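# Results of the structural survey
Each chain, written out:
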There are 2 protein chains.
Amino acid sequence: MRATLIHGPGDIRVSEVPDPKLRDATDAIVRVVRSCICGSDLWPYQSAEKSDVGSRIGHEFLGVVEEVGSGVETTKKGDLVVAPFVWADNTCDFCRQGLQTSCRHGGGWGSDETDGGQGEYVRVPFADGTLVGLPGEPDDKLLASLLTLSDVFPTGHHAAVSAGVSKGDTVAVVGDGAVGLSAVLAATRLGAERVILLGRHTDRTDLGREFGATDVVAERGDEAIEKVRELTGGDGVHAALECVGYEQAVHTAIGVTRDGGTVGRVGVSQYESVPLDAGTFMRNIKMAGGVAPARNYIEDLLPDVLEGKIQPGKVFDRTIGMDEIPDGYRAMMDREALKVLIAP
Amino acid sequence: MRATLIHGPGDIRVSEVPDPKLRDATDAIVRVVRSCICGSDLWPYQSAEKSDVGSRIGHEFLGVVEEVGSGVETTKKGDLVVAPFVWADNTCDFCRQGLQTSCRHGGGWGSDETDGGQGEYVRVPFADGTLVGLPGEPDDKLLASLLTLSDVFPTGHHAAVSAGVSKGDTVAVVGDGAVGLSAVLAATRLGAERVILLGRHTDRTDLGREFGATDVVAERGDEAIEKVRELTGGDGVHAALECVGYEQAVHTAIGVTRDGGTVGRVGVSQYESVPLDAGTFMRNIKMAGGVAPARNYIEDLLPDVLEGKIQPGKVFDRTIGMDEIPDGYRAMMDREALKVLIAP
């Protein structure tokens, strides 16, 4: 089969690799119908070590079950399924508390001899625990939104849930990437009354407004903090959703948060520490979030997607085939594309 | 009247100052019956700027209402009352959400022409909002525990509440000072099944055991983290209560916290940032807490104190008169005393 490998900075190749085979009784083989490129794929795209062998990449996919192991009980051949961006047994104590990213037996796609998501097939460990079945044969349009359940939309949702967003809240979202826009949609869905999106790319913030942003702040850093405080009568927001991953973004998120409020961080952290100083101590600022346990949220978010109440798939602004994957990475890196959908 | 002033590092004096007078209609004058020295008083004790005039100090007191302003409705002359360590109107939106430390009209004792707590009398702004009435004439023994409601016990309680301690949890408390020991008591009271106290002063950890600590870890830093992980099957604790205020203690607290768990910080922060790095991001470690809104907790904690179910006053291991206050500071600084009670 063909799969995507990363061989070093900027060096993405689509190559022939061995077809996956069932290894453990709880495995399934899934034929990928839709996959995509994640903002977090751009970190190795910038920093991966050079390698002739290369490493599999991609962790978001939706597909059809082709084969199941003898220990697989609920997942059936022919099922349309979405996979969260980590696999998990969904039975251990961490999974049961909704933290499948800390599953005692889980792991990441492309590691531990699984496949990456940006290929034709994937061997899925703990198929019954990992995969979520999707009903019937949804039309092509719906597939994009269903695919977002793999990572980007639950990640935005995790920011909002971690920050305790609830009805009537004022929320700030730091970052207008696909995760930031997903966080806007998630906060709006959870009943936020006012959602202030911090971003400066008009095409993206326009989608943010469509997703529910009531205000857009183009300023950055301390100017952004000042602007958000101005918009909130000086107080700041109940919840700030940090969707970038740089310390500057965390600083901004903390700065716009109202006393007693929470920063929900989901931007993959590129920092060693966060500025929770004496001032934030006096203000009782909380910090929550981290890598999103997407598996925990999929069933909750699915009905709204199936009913068309929300269309998180709008974050995809380009669809490509497998041959174009290297250019898809380039386009996302150059901010030419917001998020790239792959139809293998 | 006589009151305590700080004139520079190590320079505490008890001096004659003007008797307080009602200033605003909502004021009361309270005669101090019990006061005490706080671990946080030791920060200015080490770093205050030299000053001939000096600054009032002390923020924990319990006393009898001597006089009330014309706008005071519920507080009466003769009432025995406890004062939280900040004053607040208890009616603004922050107060209503239980964050009286961020009251829109509040302030700290000894500032804004109020008096410090370590004196004979205190002018109390927003008497109805600030003060909590105590029933009848409790005996001397109970006064010590009632006084802890002013700061130290609600501060330990805030650590536990912020970290979400609930029935059956495993909890670590970093620090065996009066706040740490109060946090042990608070976590136990909230139903923690196992409370691991990190401290190395046997006389203090012995009181910790009396307050409910099931394990004591004398190691520090990475060794302490390793030890707590050993004690918890490698997983760490649901909640880590940081009761010191140094970055090292925060590092330890984060290190012992189980994936998805929370650090409740109440040690007055002597740091600019906390090590919430990529590892903690993958582990979904939360951080909450800050300066404790004692006022929000007093009514909740009071019954257990009055009924003798808990005796937080055991943190006091020395009682002094006003003349001995300078030596009381020295004794706490030298770790000769855990916490010093003042009977003016």
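Residues numbered from 1 in each chain as written. Chains lettered and ligands numbered in written order. Predicted model: local features only at pLDDT ≥ 70, side-chain atom pairs only at ≥ 80, totals over all residues. Heavy atoms only, no water.

### Some words on the sheet that holds strand β1 (residues 2-8) of chain B
Residues and elements named next belong to chain B. In plain terms, the rule: Strand pairing is assigned whenever DSSP detects at least two bridges linking the two strands. By the criteria applied, helices consist of DSSP H or I runs no shorter than four residues and strands consist of E runs no shorter than two, each listed in order from the N terminus. Any two residues whose heavy atoms approach within 4.5 Å are treated as being in contact. Orientation is described by axes fitted as lines to C-alpha atoms, over the contacting stretch for helices, and by angles from 0 to 180 degrees between their N-to-C directions.
Taken together, three strands build an open sheet; the order of strands is β2-β1-β4 and the sheet is antiparallel. Strands at the two margins of the open sheet, each flanked by one partner only, are β2 (11-16) and β4 (55-56). In this structure, β1 lies alongside β2, joined through six bridges in antiparallel fashion. Residue pairing across strands places isoleucine 6 opposite isoleucine 12, the latter belonging to β2. Across the sheet, helix α12 (residues 325-333) is in contact with β1 and β2; its angle to β2 comes to roughly 160°.

### Observations concerning the interface of chain B and chain A
This is how the line gets drawn: Accessible-area loss on putting two parts together, using a 1.4 Å probe and summing over both, is the definition of buried area adopted here. Take a side-chain nitrogen of Lys or Arg and a carboxyl oxygen of Asp or Glu: if they are within 4 Å of each other, that pair is a salt bridge.
Counting residues at the interface gives 37 residues for chain B and 37 residues for chain A. Across the interface of chain B and chain A, roughly 2,900 Å² is buried in total on both sides, 49% from carbon and sulfur atoms. Where chain B packs against chain A, one counts four salt bridges. Note that aspartate 93 of chain A is salt-bridged to arginine 258 of chain B, the shortest N-O span being 3.5 Å.

### Looking at the packing of aromatic side chains
All names here are of chain B. To keep it simple, the criterion reads: Aromatic rings from Phe, Tyr and Trp, with only the six-membered ring used for Trp, were paired whenever their centres fell within 6.5 Å, and each pair was classed as stacked if the ring planes differed by under 30 degrees, edge-to-face if by over 60, and tilted otherwise. Residue exposure (1.4 Å probe, protein chains only): buried if accessible area is under 20% of the type maximum, exposed if over 50%, otherwise partly exposed.
On inspection of all chains with the given rule, the structure shows eight aromatic pairs over all chains. Both rings, one in tryptophan 87 and one in phenylalanine 126, keep their centres 6.4 Å apart while their planes meet at 35°; by these two values the pair is tilted. Taken as a pair, tryptophan 87 in strand β7 (residues 86-87) and phenylalanine 126 in the loop between β9 (121-124) and α3 (127-130) lie far apart in primary sequence, 39 residues in all. For tryptophan 87, a relative accessible area of 5% puts it in the buried group.

### Here's the deal with a negative patch on the surface
The test is simple: Like charges within 9 Å and nonpolar side chains (Val, Leu, Ile, Met, Phe, Trp, Tyr) within 5 Å are joined into patches, using only residues over 30% in relative accessible area that form no salt bridge. Only the protein chains shown count as cover for residues, and all accessible areas are computed by the Shrake-Rupley method using a 1.4 Å probe. Charge assignment in this entry is limited to Lys and Arg as positive and Asp and Glu as negative, and neither His nor the chain termini are counted. For this purpose, a charge sits on NZ of Lys, CZ of Arg, CG of Asp or CD of Glu.
Taken together, the side chains of Glu219, Asp222, Glu223, Glu226 and Glu230 of chain A make up a negatively charged region of the molecular surface. As for its placement among the helices and strands, glutamate 223 of chain A is situated in helix α8 (residues 221-231).

### Observations regarding the domain arrangement of chain A
Reports of interface size often rely on the accessible area that becomes lost once the parts have come together. Residue and element names in this part refer to chain A. Put simply, the test is: Throughout, the edges of the domains are those of an automatic or database domain assignment. Identification of polar contacts relies on pairs of N or O atoms within 3.5 Å, with a donor-acceptor requirement for protein atoms, meaning one able to donate a hydrogen and the other able to accept it, and with residues adjacent in sequence counted only if both atoms are side-chain atoms.
Domain assignment breaks chain A into domain 1 (2-151 + 293-342) and domain 2 (156-289). Computed from C-alpha coordinates alone, the two centres of domain 1 and domain 2 are separated by 27 Å. Here domain 1 and domain 2 share an interface that buries about 1,600 Å² over both sides, 63% of which is from carbon and sulfur atoms. We note a salt bridge from glutamate 210 to lysine 314, for which the minimum N-O separation is 2.3 Å. Linking domain 1 with domain 2 are five residue pairs in polar contact (both at pLDDT 80 or more), by the criterion used here.

### Some remarks on the environment of alanine 331 of chain B
Residue and element names in this part refer to chain B. For alanine 331, the position within the fold is in helix α12. Separated by 318 residues in sequence, alanine 331 and arginine 13 have C-alpha atoms that sit 15 Å apart. Once you skip the residues sitting within four places of it in the chain, alanine 331 turns out to touch Arg318, Glu336 and Ala337.

### Remarks on the relation of the copies chain B and chain A
Applicable threshold: What sets the superposition is a least-squares fit of C-alpha atoms, and only residues with pLDDT of at least 70 in both copies go into it.
Rotating chain B by 180° and translating it 0.0 Å along the rotation axis places it on chain A, where the RMSD comes to 0.0 Å. What we have between these two chains is a two-fold relation.

### Observations concerning the pairing of strand β11 (residues 170-174) of chain A
Residues and elements named next belong to chain A. Most of β11 is tucked away, with five of its five residues classed as buried. Going residue by residue along β11, you find Thr170, Ala172 and Val174 tucked away on one face and Val171 and Val173 tucked away on the opposite face as well. In terms of strand pairing, β11 meets strand β12 (residues 194-198) through five bridges, oriented parallel. Residue pairing for β12: valine 174 is matched across the bridge by leucine 198.

### Some points on the pattern of salt bridges
Residues and elements named next belong to chain A. In total, this model carries 50 salt bridges over all chains according to the counting rule given. For arginine 330, the salt bridge goes to aspartate 334, with nearest N and O atoms at 2.9 Å. A residue is classified by how much of its surface remains accessible, and arginine 330, at 27% relative accessible area, is partly exposed. Salt bridges here are not isolated pairs; linked through shared partners, they connect Arg189, Asp300, Asp304, Glu307 and Lys309.

### A word on the UniProt feature "domain: Alcohol dehydrogenase-like C-terminal" (unreviewed entry) in chain A
Stated precisely, the cut-off is as follows: UniProt positions are given in the numbering used here, feature names are shortened, and annotations may be inferred rather than shown by experiment.
Mapped onto this structure's residue numbering, the UniProt feature "domain: Alcohol dehydrogenase-like C-terminal" (unreviewed entry) falls at residues 178-302 of chain A. A distance of 18 Å separates the end C-alpha atoms of residues 178-302 of chain A, which is 46% helix and 22% strand.

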